[in-house]
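Next come the chains, spelled out residue by residue.
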Amino acid sequence: MSTNSLTITDNRTGETYEVPIQDETINAINLRKIKVQQDDFGMMTYDPGYTNTASCKSRITFIDGDKGILEYRGYPIEQLAEKSSFLEVSYLIIHGELPTADQLAHWEQRIMRHTYIHENLTDMLKTFRYDAHPMGILVSAIASMSTLHPEAKEVHNPEVRMKQIYRIMGKLPTVAAFAYRHRIGRPYNYPDSTLGYSGNFLYMLDFMGQSNYEVNPVLARALDILFILHADHEQNCSTSAMRSIGSSEADPYSSMAGAAAALYGPLHGGANEAVLRMLGEIGSVSNIPSFIERVKKREVLLMGFGHRVYKNYDPRARIIKKVAYEVFEVTQKNPLLDVAIELERIALEDDFFVSRKLYPNVDFYSGIIYQAMGFPVDMFPVLFALGRAPGWLAQWVEMVDDPEQRISRPRQIYLGERGRDYVPVDQR
Ligand code: CMC
């Protein structure tokens with residue numbers, strides 16, 4: 001008998017089964033042979049929220065949640081945030097290796113050549129109500145792009161796939177900036193590719209015809225770092241949505257619209273928006289103790305704290321905290337920073353949070369920076385989406401190319417009624 005296996009005894013029947021172990025994991029389908037009667041369906045696992053189920057094999061992002069380690073393609077997030085750029089990290093995540101100088105120049109050129117969006121899409125953006133949430137606009141815009149690029153359906157053609165990647169990476173900042181300008185009732189600025197990815201984005205958001213307009217390099221770099229920190233995070237809710245929708249061979253725009261929709265929720269990409277609202281509600285340092293009591297009574301969540309994977313300080317939060325101070329050198333200090341720092345200090349000493357291993361996550365400080373840079377809160381999840389785009393795309397490509405992947409289709413435990421006869425409405 002191989003030692004790299006699990007021996008399971010079914011106490012209902014006394015039968016013993018050997019299940020092979022590979023990569024510290026057992027294949028769930030091997031449990032199906034565990035049956036009482038021959039015509040039974042066989043044993044399944046029950047895992048709501050997939051807390052202990054691997055849905056894929058991946059080579060993109062490594063996280064050790066207990067030690068607070070995050071690596072993209074084996075490179076630590078700290079080194080990438082310090083030395084790389086968002087577009088270079090996107091190349092790394094999607095292609096698996098850091099680019100040579102020529103490869104990087106080509107990659108940047110291809111993406112920045114795809115920043116203009118179809119005028120039909122611009123017209124569509126203009127039809128949204130003045131106060132439309134930019135995340136709703138983004139989700140709709142991404143979905144509508146599939147109608148403009150129907151060849152994207154050829155998901156097994158690597159060349160066609162790469163073309164869509166250039167388009168998505170190039171066009172998302174434009175859509176995001178247009179959604180923002182729409183919200184504030186200002187004319188849209190068409191892209192200026194010479195300004196680089198983050199610089200162009202800031203330009204499209206802010207430019208108002210000034211003759212001496214210049215992108216602030218500190219703010220552009222800060223934004224680039226924030227995008228790097230968000231670029232991938234393995235099988236999170238939105239990435240799982242991207243893979244799940246993509247598993248039906250839907251085109252990448254439709255899959256990504258679903259991923260962006262998943263990101264919208266306050267427990268995921270909407271968390272930084274929720275953090276800012278929470279800090280605003282707390283208002284001042286003196287109100288923190290009573291707020292903490294409300295958290296402990298489970299009346300509210302401490303937004304920006306806790307993570308499904310990290311049971312230690314989120315390494316991204318540490319980097320963001322540093323970036324915050326660099327941004328505040330340029331902008332005014334966000335007064336909510338004092339509330340956040342004191343909230344973190346008190347929470348990290350409180351047994352409720354310590355015993356549950358609840359630490360600040362990436363979103364605890366990102367919103368404070370975004371707000372200091374002048375972004376309205378409802379743009380925060382949009383910024384998260386821009387950063388996460390390469391991760392969604394890399395995971396989608398990996399899924400499409402993985403011969404072991406099939407259409408996503410979980411099982412259920414059915415607990416409802418069976419075999420009832422229909423009762424006409426007048427007899428109920
Ligand atoms: N405030 C107060 N209590 C919390 C919090 C929180 N933010 N997060 C978890 N807990 C408690 C939870 O009530 C539970 O307590 P108990 O064991 O006594 O019932 C315990 O801690 C374990 O939490 P969980 O709900 O089992 O954890 P989860 O893995 O299901 O949820 C989470 C992870 C991120 C959804 C959750 O921590 C949360 O809702 N945090 C606030 C929202 C937030 O900041 N989200 C951003 C995540 S980072 C960005 C991203 O990747 O999307």
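Note that residues are indexed from 1 along each chain, following the sequence as it is written. With pLDDT at 70 or above as the cut-off, local features in this predicted model cover only qualifying residues; side-chain atom pairs require 80 or more to be listed or tallied, and sums for whole chains, interfaces and linings still use all residues. Only heavy atoms go into the side-chain values, all of them from the structure, while hydrogens and water stay out.

A. Here's a closer look at the nonpolar core. In terms of nonpolar packing, the biggest core is built from 122 residues, with Y72, W107, F201, M278, L279, L343 and F375 touching the most fellow members. Strands here mean DSSP runs of E at least two residues long; helices mean DSSP runs of H or I at least four residues long; both are numbered from the N terminus. Broken down by element, the residue count for this core peaks at 14 residues, all from helix α17 (residues 380-401). Where each domain starts and ends follows an automatic or database-derived domain assignment. The residue makeup of this core includes at least three contributed by each of domain 2 (77-267 + 376-401) and domain 3 (271-372). The contact criterion used is simple: two residues touch if any of their non-hydrogen atoms lie within 4.5 Å. Residues in contact with F201, not counting those within four places in the same chain, are P173, A176, A177, L223, F227, F375, M379, L383 and L386. By convention a nonpolar core is built from buried Ala, Val, Leu, Ile, Met, Phe, Trp, Tyr and Cys residues, the set being connected through side-chain atoms within 4.5 Å. Type-normalised accessible area, obtained with a 1.4 Å probe on protein chains alone, sets the label of each residue: buried when under 20%, exposed when over 50%, and partly exposed for intermediate values.

B. Region of interest: the pairing of strand β4 (residues 61-64). Pairs of strands are assigned from DSSP output, requiring at least two bridges between the strands. Sheet analysis places β4 next to strand β5 (residues 69-72), joined by 4 bridges and oriented antiparallel. Across the sheet, the residue bridging to I63 is L70, located in β5. Where β4 hands over to β5, the hairpin turn is made up of 4 residues, of which G68 adopts a positive phi near 70°.

C. Spatial organisation of the site of the ligand. In these notes, residues near a molecule or strand are those with any non-hydrogen atom within 4 Å of it. For the ligand, the set of nearby residues contains 19 residues, the closest of which are H268, R298, L302, G304 and R308. Identification of polar contacts relies on pairs of N or O atoms within 3.5 Å, with a donor-acceptor requirement for protein atoms, meaning one able to donate a hydrogen and the other able to accept it, and with residues adjacent in sequence counted only if both atoms are side-chain atoms. In this structure, L302 approaches the ligand through a main-chain N or O atom, which is 2.7 Å from a nitrogen atom. Within the backbone of F305, an N or O atom sits 2.9 Å from a nitrogen atom of the ligand. Starting from 940 Å² of accessible surface for the ligand in isolation, the protein chains cover 73%. Of the residues contributing to the shell around the ligand, the split by class is 10 nonpolar, 5 polar and 4 charged. Using the Shrake-Rupley algorithm and a 1.4 Å probe, accessible areas are obtained, with residue cover drawn only from the displayed protein chains. Each residue receives one of three labels: charged for Asp, Glu, Lys and Arg, nonpolar for Ala, Val, Leu, Ile, Met, Phe, Trp, Tyr, Cys and Pro, and polar for the others, Gly being one of them.

D. Up close: the pairing of strand β1 (residues 5-10). Across 6 bridges, the pairing between β1 and strand β2 (residues 15-22) is antiparallel. Pairing of S5 across the sheet is with P20, part of β2. Here β1 folds back onto β2 in antiparallel fashion, the turn holding 4 residues, of which G14 has a positive phi close to 80°.

E. Broad picture of helix α11 (residues 271-282). Under the 1.5 Å per step criterion, the end-to-end length of α11 is 16 Å for 12 residues, consistent within 8% with the ideal 16 Å. Considered for burial, the residues of α11 that qualify are A271, N272, E273, A274, V275, L276, M278, L279 and I282. Its buried side turned inward, α11 meets α12 (288-296), α14 (336-349), α16 (363-372) and α17. Looking one or two residues beyond α11, the residue adopting positive phi is G283, at roughly 80°. An expected span of 1.5 Å times one less than the residue number is assigned to each helix.

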